[in-house]
Amino acid sequence: MVKIAILGFGVVGSGTAEVLTENKKIIEERLGCEYSIKYILDLRDFPDSPFAELVTHDFNDILNDDEVTVVAEMMGGSHPAYDFSKACLEAGKHVITSNKEVVSNFGVELCSIAAAHGVRYLFEASVGGGIPVIRPMINDLASNKITKICGILNGTTNYILTKMRDEGASFADALAEAQKLGYAEANPSADVDGIDAARKIVILAALASGKLISPKSIYTEGITAISLLDTKIAEAIGCSIKLIGQARITADGLCALVSPCMVPKSNPLSRIDDVFNGILIDANMVGEVMFYGPGAGKLPTASAVVADIIDVIAHRDAEQKVIAWEEAKDCDLADFSEFSCKRVFITSAKLELPCVKQFVTLDGAFAYLTDEMTETEVEKIKTSNADAILSVFRVI
Ligand code: HSE
């Protein structure tokens, strides 16, 4: 009998208990072994929950119980989630997490501690909610060199942008609804300012390159400045505005960023709406593959957590597979000022811009779709036309 502990009984933690209970019979049949949840750690009590008896407020109950071999951390935030995860790994317990903040900031250390103690640190639920993407990247794309990742990585912002575009909802109303549905982070600034997507893109980039970039060091822009005019212009030039996390792995090095982008309707990401996420991966043997599904929410995210629990239980007697990452050094990184892509300039006056491919005017504003230009070139144009430029979008 495998004994499991759950750290954090919020949206995903309670979903994980639900999935483990609801699908217990089928999971145990597949595993050929039984399991039970022994503890649920939370500061709160849940007297009305069927799991009320399992709640403890003392982490040491879990840490010091040798019967508990699998710990699922869904507390959110860096501390004490990182500290508890580290202690469990050092005590020889497998740790599973949905916590992208911890994985993106401490992944190198925690994977290395896991390897040193012959256990696993798994984090399928940390990117893309219920979408299987991390295990497929590790296993099914193992024969490939991944050169580019581009995705809608945050369910809350995609939900907000969809409601604003399709229903004319206000930003605040759409965000409140996303919070009610359990999609948003405890502090939704992490969603709307692009921080959550930054954490996720550095995790995916690390899976592709072996180098983990600090999420705080990448260019990160959220969706708070997007106006109705931007949305209308996007439609007029055949695009949708999406918050995109992207990474490129080239001979010049690794580059990752998060920003709202114009996504042409011909790109499948333009049709991914509501809470759904989509991730396009360019790999040198398979070509382009896409992962799609619910990017946030209780049961989808719990489904990914339980997939990791099943994985560690199924392979508990095998030699443990190791994820070996290094912290990215400056010499691993490409120069962001040389990042090049097509752009859309939205302006309040007519301008002479280089390499214009498409021009529209709408609601008294002007929009220019240009050929590829670097960040440095865009900055120069912005500086010399500061009074007229309303916004500039990258195009994917
Ligand atoms: N707040 C996150 C999102 C939850 O909206 O995508 C899933 O990671």
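Residues numbered from 1 in each chain as written. Predicted model: local features only at pLDDT ≥ 70, side-chain atom pairs only at ≥ 80, totals over all residues. Heavy atoms only, no water.

**Here we look at the domain arrangement of the protein**
The cut-off we apply is this: Domain limits in this description derive from either an automatic procedure or a database domain assignment. Once two parts are brought into contact, the accessible area they lose, counted with a 1.4 Å probe and summed over both, makes up the buried area. Any carboxyl oxygen of Asp or Glu within 4 Å of a side-chain nitrogen of Lys or Arg constitutes a salt bridge here. We call two N or O atoms a polar contact when they sit within 3.5 Å, provided that within protein one can donate a hydrogen and the other can accept it, with sequence-adjacent residues counted only if both atoms are side-chain atoms. Numbering goes from the N terminus for both helices and strands, where a helix is a DSSP run of H or I of at least four residues and a strand is a run of E of at least two. Each residue receives one of three labels: charged for Asp, Glu, Lys and Arg, nonpolar for Ala, Val, Leu, Ile, Met, Phe, Trp, Tyr, Cys and Pro, and polar for the others, Gly being one of them.
Each domain of the protein was delimited in the assignment, giving domain 1 (2-129 + 297-327), domain 2 (143-294) and domain 3 (337-395). Distance between the C-alpha centres of domain 1 and domain 2: 26 Å. It is Lys100, Val127 and Trp325 in domain 1 that bury the most area against domain 2; as a group they hold 35% of the surface buried on that side. At the junction of domain 1 and domain 2, the tally comes to four salt bridges. With its nearest N and O atoms 2.9 Å apart, the salt bridge here joins Lys100 to Glu185. Put simply, domain 1 and domain 2 have six residue pairs in polar contact (both at pLDDT 80 or more) between them. Broken down by element, the side of domain 1 that touches domain 2 gets its largest block of residues, seven residues, from helix α5 (residues 100-116). When its residues are assigned to classes, the side of domain 1 that touches domain 2 shows eight nonpolar, seven polar and four charged.

**Comments concerning the side chain of Lys242**
With respect to the secondary-structure elements, Lys242 resides in strand β10 (residues 239-250). A polar contact is formed between the side chain of Lys242 and the side chain of Asp273, at a distance of 2.8 Å.

**Topic: the site of the ligand**
The condition is simple: Whether a residue is near a molecule or strand depends on its heavy atoms: if one lies within 4 Å, it is near. Where accessible areas are quoted, they stem from the Shrake-Rupley method and a 1.4 Å probe; at the residue level, only the protein chains shown are allowed to cover. Computed over the protein atoms alone on a 1 Å grid, cavities are sets of points where a 1.4 Å probe fits but cannot get out and pockets are open sets with protein on both sides within 12 Å along at least five of seven lines; a residue lines them when it has an atom within 4 Å of a point. Pocket or cavity membership: a molecule qualifies when more than half of its atoms sit within 2 Å of the grid points of that site.
For the ligand, the full set of nearby residues is Lys100, Asn154, Gly155, Thr156, Tyr183, Ala184, Glu185, Asp191, Asp196, Lys200, Gly295 and Ala296. Within the side chain of Thr156, one N or O atom sits 2.6 Å away from an oxygen atom of the ligand. Here an oxygen atom of the ligand and a side-chain polar atom of Lys200 are 2.8 Å apart. Notes on the ligand: free accessible area 260 Å², of which the protein chains cover 94%. Cavity membership is defined here by more than half of the atoms lying within 2 Å of grid points; on that basis the ligand lies in the largest pocket. Breaking the shell around the ligand down by element, the ones donating at least two residues are α7 (155-167) and α10 (195-209). Here the residues of the shell around the ligand are counted per class, giving three nonpolar, four polar and five charged.

**Considerations on the pattern of salt bridges**
Test applied: Only protein chains enter the accessibility calculation, which uses a 1.4 Å probe; a residue whose area is less than 20% of its type maximum is buried, one above 50% is exposed, and one in between is partly exposed.
Applying the stated criterion to the full structure yields 29 salt bridges. With a closest N to O distance of 2.9 Å, Lys232 and Asp363 form a salt bridge. On the criterion of sequence distance, the pair formed by Lys232 in helix α11 (residues 228-236) and Asp363 in the loop between β16 (356-362) and β17 (365-374) is long-range, its members being 131 residues apart. Take Lys232: its relative accessible area is 39%, and that puts it in the partly exposed class. A salt bridge links Lys265 to Glu235, with the shortest nitrogen-to-oxygen separation between them at 3.1 Å. One end of the pair, Lys265, is in the loop between β11 (253-264) and β12 (276-283); the other, Glu235, is in helix α11, and 30 residues separate them in sequence. Residue Glu235 is classed as partly exposed on the basis of its relative accessible area, which comes to 39%. In this structure, a network of salt bridges that share partners links the residues Arg120, Glu124, Arg135, Asp308 and Asp311.

**Quick word on the nonpolar core**
Put simply, the test is: We call a set of buried residues a nonpolar core when its members are Ala, Val, Leu, Ile, Met, Phe, Trp, Tyr or Cys and they connect through side-chain atoms within 4.5 Å of each other. In this description, contact between two residues means that some pair of their heavy atoms is separated by no more than 4.5 Å.
Of all hydrophobic cores here, the largest spans 81 residues; its most connected members are Tyr121, Met262 and Trp325. Sort the elements by how many residues they give to this core and α10 lands first, with nine residues. Those residues within four positions of Tyr121 in sequence are excluded, and the remaining contacts are Leu89, Val95, Thr97, Val102, Val103, Leu110, Cys111, Ala114 and Ile323. If you look at the next biggest cluster of nonpolar residues, it comprises 30 residues, including Phe9, Val12, Val55 and Leu122.

**A short note on a negative patch on the surface**
Stated formally: Here, patches come from residues exposed beyond 30% relative accessible area and free of salt bridges, joined within 9 Å for like charges and within 5 Å for nonpolar side chains (Val, Leu, Ile, Met, Phe, Trp, Tyr). Note on charges: Lys and Arg go in the positive column, Asp and Glu in the negative column, and His and the chain ends are not counted at all. By convention, charge coordinates are those of NZ in Lys, CZ in Arg, CG in Asp, or CD in Glu.
Together, Asp252, Asp335, Glu338 and Glu377 line one region of the surface with negative charge. Counting through the fold element by element, Asp252 comes out in the loop between β10 and β11.

**A few points about the side chain of Ser340**
Structurally, Ser340 is set in strand β15 (residues 340-347). For Ser340, a relative accessible area of 18% puts it in the buried group. Here Glu372 takes part through its side chain, which lies 3.3 Å from a polar atom of the side chain of Ser340. With sequence-adjacent residues up to four places away left out, Ser340 is seen in contact with Arg248, Glu372, Met373 and Thr374.

**Digging into empty space enclosed by the protein**
In plain terms, the rule: Grid points are joined across faces, edges and corners, and a volume is the space filled by probe spheres set on the points.
Following the criterion strictly, the structure yields one cavity of 30 Å³ or more and no others. In this model, the largest cavity occupies a volume close to 110 Å³. For the largest cavity, the lining is made up of 13 residues, of which Leu161, Arg165, Thr231, Ser240 and Ile241 are closest to its centre. Of all elements in the fold, only α7, α11 and β10 reach the threshold of two or more residues within the lining of the largest cavity.

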